[in-house]
Amino acid sequence: MHVKDLLDSLDLRLKLPQHWYSTDISNEFEDGELVQNDEIVKIKAEGEENTKVIVIDVNDGMSVVTVFPDGKVIGVKYLDNKDDFEYIGRPSELYF
C-alpha cells in the first residue's frame, strides 16, 4: 500500500511532493482512521501489537511511525527533497 492509496481511501486531496505519494506504508493502514484534518493531517491505524501513525505537515514533512505499547516510537520523517529524511526514535505528542 502507498500513501496515495490511503489518501484516496479517505477522500483526502492534498498537494504533496510526488515522492511522498509513492511511499510504501503498512497494509494495516487499510483500516486507517483520520484523527486530525487541518494544517496537520494525522492518520492512525491500531494493530494487535502496536499503532501505526502518519502525520503530514506540508510545511514540515511527512512522518510514518510505529508506536509500541511501552511508548517507544520508531519511524522516518520524509522531507521535501526525495533523498532527504530523518529517523525518528523518540516520542512526540504528535504521535499520541
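Residues numbered from 1 in each chain as written. Predicted model: local features only at pLDDT ≥ 70, side-chain atom pairs only at ≥ 80, totals over all residues. Heavy atoms only, no water.

Peer 1: Help me understand the pattern of salt bridges, please; the structure alone is not making it clear to me.
Peer 2: Proximity of charged atoms lets side chains of opposite charge pair with each other. All told, the structure shown has 3 salt bridges when counted by the stated rule. Residues Asp 8 and Lys 4 are paired through a salt bridge, measuring 2.8 Å at the closest nitrogen-oxygen approach. With Asp 8 and Lys 4 both in helix 1 (residues 3-9) and 4 residues apart, this pair spans about one turn of that helix. For Lys 4, a relative accessible area of 42% puts it in the partly exposed group. One salt bridge in this structure joins Asp 8 and Arg 13, with 3.2 Å as the shortest N-O distance. For Asp 8, a relative accessible area of 32% translates into the label partly exposed. (Salt bridge = Lys/Arg side-chain N within 4 Å of Asp/Glu carboxyl O. Helix = DSSP H or I, 4+ residues; strand = E, 2+ residues; numbered from the N terminus. Buried < 20%, exposed > 50% of the residue type's maximum accessible area, 1.4 Å probe, protein only.)

Peer 1: How do you make sense of the nonpolar core when you look at a structure like this?
Peer 2: Nonpolar side chains in soluble globular proteins tend to be buried together. Ranked by internal contacts, the top residues of the largest apolar core, which has 16 residues, are Leu 7, Ile 25, Phe 29, Ile 43, Ile 54, Ile 56 and Met 62. When residues of this core are traced back to their parent elements, those giving at least two are helix 1, helix 2 (18-21), strand 2 (41-46), strand 3 (51-57) and strand 4 (61-67). Other than its neighbours up to four places away in sequence, Ile 43 contacts Leu 6, Leu 7, Leu 10, Leu 12, Phe 29, Gly 32, Glu 33, Leu 34, Lys 52, Val 53 and Ile 54. Core analysis: the next-biggest nonpolar cluster, separate from the first, contains 6 residues, Val 53, Val 55, Val 67 and Ile 88 among them. (Core = buried A, V, L, I, M, F, W, Y, C linked by side-chain atoms within 4.5 Å. Contact = heavy atoms within 4.5 Å.)

Peer 1: I'm lost on the pairing of strand 2 in this one. Help?
Peer 2: For a regular strand, the rule is simple: side chains alternate between the two faces of the sheet. Two elements, strand 1 (residues 33-37) and strand 2, share 4 bridges in a ladder whose sense is antiparallel. Pairing of Glu 33 across the sheet is with Lys 44, part of strand 2. As defined by bridge partners, strand 2 adjoins strand 3 across 6 bridges and the pair is classed as antiparallel. Each residue of the ladder has a partner; that of Ile 43, found in strand 3, is Ile 54. The hairpin turn running from strand 2 into strand 3, its antiparallel successor, is 4 residues long. (Pairing = 2+ DSSP bridges.)

Peer 1: Looking at this structure, I do not really get the sheet that holds strand 3. What am I missing?
Peer 2: One open sheet holds the 6 strands; their spatial order is 1-2-3-4-5-6, and the pairing between them is antiparallel. Single-partner strands in this sheet number two, and they are strand 1 and strand 6 (85-88). Strand-to-strand twist of the sheet, defined as the mean angle between neighbouring strand axes without regard to direction, takes the value 15°. In this sheet, strand 4 lies alongside strand 3 in antiparallel orientation, the contact comprising 7 bridges. From the neighbouring strand, Ile 54 faces strand 4, where its bridge partner is Val 64. (Axes fitted to C-alpha atoms, helices over the stretch in contact; angles between N-to-C directions.)

Peer 1: Teacher, can you tell me more about the environment of Ile 56 here?
Peer 2: Here Ile 56 shows up in strand 3. In this structure Ile 56 comes out as buried when scored by relative accessible area, which is 2%. Taking the C-alpha atoms as reference, Ile 56 lies 5.0 Å from Val 41; in sequence the two are 15 residues apart. Not counting the four nearest positions on each side in its chain, Ile 56 is found in contact with Leu 7, Leu 14, Leu 16, Trp 20, Glu 39, Ile 40, Val 41, Gly 61 and Met 62.

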